[in-house]
Structure formats: C-alpha cells, structure tokens
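Structural description and commentary
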Amino acid sequence: MTISASASTPDITDVPEGFPVGTVEPSYLLTQSLDPDPAGVFGNLSSEDRSYRDRARAFVQDEVLPVIAGHWERGEYPLHLLKRLGELDLLRDGLQVEGFAPMSTMAAGLVNMEISRGDGSMGTVVAVQGGLALRSVAMCGSEEQKRRLLTPMACGDEYGAFALTEPTHGSDSVALETTAVATAGGFLLNGEKKWIGNGSVGGTTVVWARAEDGQVHGYLVPQDSPGYCATTIQGKSSLRAIWQAHIRLENVFVPAENVLPGANSFKDTTRVLLATRLGVAWSAVGHATACYETAVQYAAQRVQFGRPLAASQIVQERLARMLSELATMQLIVVQMTRLEESGNLTPMQASLAKYTCTRTARSIAANARDLLGGNGILLTNRVARHMADIEAIHTYEGTETVQALIIGRSITGISAFN
C-alpha cells in the first residue's frame, strides 16, 4: 500500500524555451486502488467473495472512473453502467436468483464497497435496484412475480424502484399517507412519493401504500401506468449521476396480480429496509476508502516548500488518523456481516454499523478535502464528489438521528420516538 513520495513530472511538451516550467501543474494520478487493510480483515476472504470484489473493482477502474465525473457534473444518469452492473452480476445485493451463481452477504458488502469507492450514484444504483426493488419482490412477491421480475432486474434489463418516502414523511415513513382503495379487479393508488431512485427511467416501481385495512401493503406499478407521473428532481448537490423522482399517483390502477402477497404491514417493509441498512455502511466504507486513497496519492505527488506533502509530520499524522478511522469502519462492517450471515444480526447492530460508518466517512472525507487544498474542490480529484455523496447516504435509509434513537432504545429500554 506504500506510495513513493515522488512528484509527477509536468508535461512541458508545448512550453516555449525560457518559460518558467515550475509554474506548470503536474498531472496528478489519484485513482490507483491501494487496497488499504491495516487490520487484515479482508485477508481470509473466500475465493468466491474475492472474485466478486475483484470484478467490481475492475469495473470501477476500467469503466466508472474514466467517465463518472462528467456524468456527475452534468446531472446525467449513465444507464449503460447500470446495464453493465447487471451483465457483470453485481446488482443482486446478495439475493439468490435462479440461474445465477451463489452470492454471499459478504460478497454483497464487498461489491457495495467497491462500487461506492468508484461513485456514490453507482453505489445507490445497486442499493435501489438490488437492495430494495429486487429484494421486495424476492421477499414479498408471489412465485409468478418472482419468475417475471427477478431475472430481468438482476440482469439490468428491467429497472426497479422502491417508493416509500413521501414529501411529508421521511424519517416517519411509518406514517405514510399514500392510499390504496379496492376497485374492480385491483386497487387505485393516490398520493405522492419523493427521492425515488429509478422512479423516472421506466421499469417497475414498488409502491408502498396504506390500504383500507389501515395496513401498509406493497404494489408493483409499471411506470407507464396511466396516472403515474414522475418528475426527475433537479438541483441536487449529491448523487447527481442517478435520477431520483418526485412521483404523483392519481388513480393509478394496480391489478390484483400486482399486489405483493407477502407485504401486509409496515413490518414487512421494515424487513426489506433492515436487510439493506448494512449495505449503506459498506457503501460508506467505499467512499471513505476513495478519499483516503486520493489523499495518500496526492500527498506523495504534491510538492510544496521544496518537498512532497507526505514528508510533513502533520500530513503523516492526518493520514494515520484517516487510516485508523477507516480500519474502525472495516472492522465493524465485517463483524456485522458475519453476524448477518449467521442469522444473529439485530436491528440495533445494523443501525450501529450505519451510524458509525457514515459519520466516520464524513470525517475522512473532510480531512482529505482539506489536505488537497484548493484542488480538493475539483471533481476530477474525486474527493469533492465523494464528500457530497456521503451527505446523501448519511441521510437515506435512516438519518443519523433515527439510527441514534434505535441504538438509544436498545441501551435504555425506552423508546424516544414518540
């Protein structure tokens, strides 16, 4: 993992004779994968898990990093990368789908980490397509629904969205007010949803709505359904390379065969969300890894006061602090994943992992951005993009405050939600 503390050489091909070459900025190389693992937590991966990780890493290096900053800056969704994720079998988030090789929970975490190391929008694609939409069908769908949707979603041939959050119900999503009223042959949905990844690109949206029995149920809604109106949210300062939608549902008819039979209360919604919370923690590790790697490589190449930044005591201290924080994140996600694989992960432990990792990733990103100085705000240098995207994962699938209340309830035995 050691990087040589030698500055890159400025390109002086077109510099005229006598030009002050020392004013020409070097071309910094900041995207090498350094594979930091100070505690050795990834040393005993199975060959199958390692294969998934390596495939995700190669995809990031070869296909994501060369283009993603431009898509992020322009607010464009590179749907061809979603398709590639499916072709490489990186979309399933650990779900077992007929015809696909086994994918462990550890492999899913490693994929989340590596894809997020490349870009947060692409990490969110995996979280939405596989973690939420595909998982809703796999956990709550009928056999016919599974046959119809699991393979196309896993391959990236069918886009999937998960519509739970509403404009007025985020952290208190349990109080959602979108309605499902019985009608001849099915149900009519009315209401609005917000921040719905993939909700405006075509495909199928899993809509969570409250039926006349007062319970929350799940409905499979093709996005070309009459009355389904999705507007891509503009002006985001985070996750700019995935489209998230504000959806309005006006008397959207859902036939009875599109009702998820295993989704009969908010407890079933929670089962889906709980299974993805650890994935957000893994994504945070990926973001933090990218920021740390960039800082290490920049410190080796950036020369100030006649020497590389890496030769400064204070810079070495800051890099050591970042590596210490990264090791903490790696240890907690690996241990919690082991618990999940053994069936012993509790909701509090999943919340603790998410709470610890997203807030620690913020710290590492802020440190890396500062270490890069003015160059730290440039998209081409990675850190600013990751720093912005960490703000989104810090919020979604349960804010820091909500996670703290779950942890606090476990500590005290007292619920502070109400």
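Predicted model, so just to flag it, every value in this text is computed and none were measured.

**A few points about the overall build of the chain**
- What the chain contains, in helices and strands, is eleven helices and nine strands.
- Over its C-alpha trace the chain gives a radius of gyration of 23 Å, about what one expects of a compact globule, namely 22 Å for 418 residues.
- Viewed in the frame of its principal axes, the chain has a C-alpha envelope of about 85 × 50 × 40 Å.
- For the chain, buried positions account for 53% of its 418 residues.
- Surface accessibility of the chain: about 17,400 Å² in total, with carbon and sulfur atoms responsible for 54%.
- Here the chain contributes 34 positive and 43 negative side-chain charges, whose respective centroids are spaced 4 Å apart.

**So, the packing of aromatic side chains**
- One pass over the full model with this rule turns up five aromatic pairs.
- Measuring from centroid to centroid gives 6.2 Å for Tyr-77 and Trp-243, while their planes differ by 70°, and the two rings are edge-to-face. Within this pair, whereas Tyr-77 is found in the loop between helix 2 (68-74) and helix 3 (79-87), its partner Trp-243 is found in the loop between strand 6 (228-232) and strand 7 (244-255), the two being separated by 166 residues in sequence.
- On the accessibility criterion, Trp-243 (30% relative accessible area) is partly exposed.
- Arg-240 extends its terminal NZ or CZ atom over the ring of Trp-72, reaching a point 5.7 Å from the ring centre.

**Some words on helix 5 (residues 120-140)**
- In helix 5, a bend of some 35° at Leu-134 exceeds every other bend along the element.
- With 19 of 21 residues buried, helix 5 is to be regarded as a mostly interior element.
- One side-chain oxygen of the residue at the start of helix 5 lies 2.9 Å from the amide nitrogen of Ser-121, identifying that residue as Asp-119.

**Looking at the pattern of salt bridges**
- Summed over the entire model, instances satisfying the criterion amount to 22 salt bridges.
- The partner of Glu-76 in a salt bridge is Arg-74, with the nearest N and O atoms 3.0 Å apart.
- The exposure class assigned to Glu-76 is partly exposed, which follows from its relative accessible area of 32%.
- With a shortest N-O distance of 2.8 Å, Arg-359 and Glu-400 are connected by a salt bridge. Of this pair, Arg-359 sits in helix 9 (residues 347-371) while Glu-400 sits in helix 11 (residues 400-412), and the two are 41 residues apart along the sequence.
- Classification of Arg-359 as partly exposed rests on a relative accessible area of 38%.
- Residue Glu-400 is classed as partly exposed on the basis of its relative accessible area of 24%.
- Overlapping salt bridges bring together Asp-35, Arg-57 and Glu-114 as one network.

**Regarding the pairing of strand 7**
- Summarising the sheet, strand 3 (residues 186-197) and strand 7 pair through nine bridges and their orientation is antiparallel. By the bridge assignment, Gly-197 is partnered in strand 7 with Gln-244.
- Judged from the five bridges that link them, strand 6 and strand 7 form a sheet pairing that is antiparallel. Its bridge partner lying in strand 7, Thr-231 is registered against His-246.

**As for the nonpolar core**
- Ranked by size, the top nonpolar core spans 77 residues in total, and within it Leu-90, Ile-115 and Trp-282 carry the most contacts.
- Mapped onto this core, the elements with two or more residues apiece are helix 1 (47-64), helix 3, helix 4 (105-118), helix 5, helix 7 (266-301), helix 8 (313-341), helix 9 and helix 10 (383-395).
- In terms of residues, this core owes the most to one element, helix 7, which gives 13 residues.
- Those residues in contact with Ile-115 that lie beyond four places of it in its chain are Ala-56, Phe-59, Val-60, Leu-85, Leu-90, Met-122, Gly-123 and Val-126.

**So, the environment of Asp-93**
- Here Asp-93 lies in the loop between helix 3 and helix 4.
- For the pair formed by Asp-93 and Glu-177, sequence separation is 84 residues and the distance between their alpha carbons is 29 Å.
- The contacts of Asp-93, once residues within four sequence positions are left out, are Met-103, Ala-108, Asn-112, Gly-130, Gly-131, Arg-135 and Thr-276.
- At 3.1 Å, the side chain of Asp-93 and the side chain of Asn-112 are in polar contact.
- Looking at Asp-93, its side chain comes within polar contact range of the side chain of Arg-135, at 2.8 Å.

**What to know about the side chain of His-71**
- Counting through the fold element by element, His-71 comes out in helix 2.
- Of the residues examined, His-71 reaches a relative accessible area of 14% and is grouped as buried.
- Each residue touching His-71, except ones within four places of it in the same chain, is listed here: Glu-76, Pro-78, His-80, Arg-240 and Ala-241.

**So, the packing of helix 3 against helix 5**
- In contact at an axis separation of 11 Å, helix 3 and helix 5 are set at 60° when each is read in the N-to-C sense. One element, helix 3, and the other, helix 5, form an angle in the oblique class. Like other packed secondary-structure pairs, helix 3 and helix 5 cross with a definite hand, here right-handed. Where helix 3 abuts helix 5, its residues Leu-81, Leu-82 and Leu-85 lie against Met-122, Val-125, Val-126 and Gln-129.
- Class assignment for the residues of the contact of helix 3 with helix 5 results in six nonpolar, one polar and no charged.

What counts as what
- Residues numbered from 1 in each chain as written.
- Predicted model: local features only at pLDDT ≥ 70, side-chain atom pairs only at ≥ 80, totals over all residues.
- Heavy atoms only, no water.
- Helix = DSSP H or I, 4+ residues; strand = E, 2+ residues; numbered from the N terminus.
- Rg over C-alpha atoms; globule rule 2.2 N^0.38 Å.
- Buried < 20%, exposed > 50% of the residue type's maximum accessible area, 1.4 Å probe, protein only.
- Areas by Shrake-Rupley, 256 points an atom, 1.4 Å probe, with all protein chains shown as cover.
- Lys, Arg positive; Asp, Glu negative; His and termini not counted.
- Charge placed at Lys NZ, Arg CZ, Asp CG, Glu CD.
- Phe/Tyr/Trp six-rings, centres within 6.5 Å; stacked < 30°, edge-to-face > 60°.
- Lys NZ or Arg CZ within 6 Å of the ring centre and 35° of its normal.
- Bend = angle between axes of the 7 residues up to and from the residue.
- Polar contact = N/O pair within 3.5 Å; in protein donor to acceptor, adjacent residues only side chain to side chain.
- Salt bridge = Lys/Arg side-chain N within 4 Å of Asp/Glu carboxyl O.
- Pairing = 2+ DSSP bridges.
- Core = buried A, V, L, I, M, F, W, Y, C linked by side-chain atoms within 4.5 Å.
- Contact = heavy atoms within 4.5 Å.
- Axes fitted to C-alpha atoms, helices over the stretch in contact; angles between N-to-C directions.
- Parallel < 35°, antiparallel > 145°, perpendicular 65-115°, else oblique.
- Left-handed = near helix turned anticlockwise from the far one by under 90°.
- Nonpolar A, V, L, I, M, F, W, Y, C, P; charged D, E, K, R; others polar.

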